[in-house]
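Tertiary structure, described
Below, each chain spelled out in residue letters.
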Amino acid sequence: MLKLKLNLKKLILVKNKYINFDYFISTELNEIKKKVNYSIISNIDLNKAVKDLNNQGFYLVEKVFDENLINQFEKEFDYVIEKYNSTFDETSISNSSQVRIFNQKNMIKDKLYACSALFGNLEIKNIIKSHFKKKFIFNSDIFFQRSGPTKKPLASEYHFDILNSIKVWLYVDDCYEDNGPLEVVKESFKQNKEIREVSYKNLNKISNVSNIQEHQNTLKLTAPKGSIIIFNTDLLHRATEIKSNFIRKVIRGHSFSEKALEYNYELQRNYTSH
Ligand SMILES: [Fe+2]
């Protein structure tokens with residue numbers, strides 16, 4: 001009787017879980033996943049990534065994926081931008097469309113096989129783990145962002161994120177000076193970490209925008225398509241101008257510590273209950 005009950009429980013659990021048979025039987029998914037994982041293992045040096053992330057707040061590796069795979073990523077990118085409504089007003093000054101996908105299941109449903117493999121990759125998870133050490137939510141939000149020419153892209157002021165995260169960026173297109181690459185202020189992350197941690201403790205809101213101007217120890221993270229940036233959002237960063245006739249296509253995954261999410265929850269509660 002007990003055994004029957006346990007089996008029934010198991011069955012109900014399985015039934016309530018989303019099952020997508022593509023995940024088990026699609027040869028296309030398995031092939032793409034294998035290629036993506038192989039490219040990451042071959043081109044991302046785990047030790048260097050952990051060291052760079054820890055010492056300079058970011059790790060950049062060029063051309064992780066070959067032409068074939070990057071075409072796959074681009075196909076998936078274009079599909080998402082075409083299918084879903086942007087969370088931004090595309091006619092605004094930022095000239096961007098952005099789509100947010102919340103989890104792996106939705107990516108499999110949409111046959112975003114390369115993206116699912118990248119944002120579920122265990123080597124990348126280990127790199128991120130080295131930063132958080134404690135519990136974190138791995139790539140809980142995935143963003144697809146296409147930006148056209150603009151002098152004022154989204155997040156164009158130097159800032160650090162109030163909720164600390166590790167972001168994984170994939171440049172789907174070449175991202176050189178004219179495409180509006182991510183720009184960071186070197187060595188800024190340690191100081192911001194201290195400010196942020198006090199805010200976590202005292203549950204207060206902080207000003208996270210910096211008045212640092214250009215060319216003060218800054219670095220534009222330019223790289224060809226297929227390159228990956230993994231960075232700590234305690235680092236001051238901003239988006240830069242996209243020149244006319246240029247675009248920028250980026251897919252990003254955000255990972256948060258439980259501490260950051262708790263702080264966010266408590267903060268919202270504090271400010272809405274008064
Ligand atoms: Fe940011």
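Here's what I pulled together on the structure shown here. Source: prediction; values computed, not measured.

On to the overall build of the protein. The secondary structure content of the protein amounts to ten helices and nine strands. Within the protein, counting contacts between residues at least 6 apart in sequence, those at least 24 apart form 87% of the total.

Attention shifts here to the environment of F246. For F246, the location among the structural elements is in the loop between β8 (237-239) and β9 (248-257). Separated by 68 residues in the primary sequence, F246 and D178 place their C-alpha atoms 6.6 Å from one another. Excluding its chain neighbours within four sequence positions, the residues that come into contact with F246 are P149, D178 and N179.

Not every positive phi belongs to a glycine, and K111 is a case in point at roughly 60°. Of note, K111 is situated in the loop between α6 (104-109) and α7 (113-119). Taking the number of C-beta atoms within 10 Å as the measure of exposure, K111 has 17 and is therefore partly exposed.

Within β9, ten of the ten residues are buried, which leaves the element mostly enclosed by the surrounding structure. Sheet topology places strand β3 (residues 136-147) next to β9; nine bridges connect them, and they run antiparallel. Along β9, the bridge assignment pairs I137 with F256. When strand β4 (residues 165-171) meets β9, the two strands line up antiparallel, connected through seven bridges. Pairing of S165 across the sheet is with F256, part of β9.

Definitions and cut-offs
Residues numbered from 1 in each chain as written. Predicted model: local features only at pLDDT ≥ 70, side-chain atom pairs only at ≥ 80, totals over all residues. Helix = DSSP H or I, 4+ residues; strand = E, 2+ residues; numbered from the N terminus. Contact = placed C-beta atoms within 7 Å. Buried ≥ 20, exposed ≤ 12 C-beta atoms within 10 Å, placed from the backbone. Pairing = 2+ DSSP bridges.

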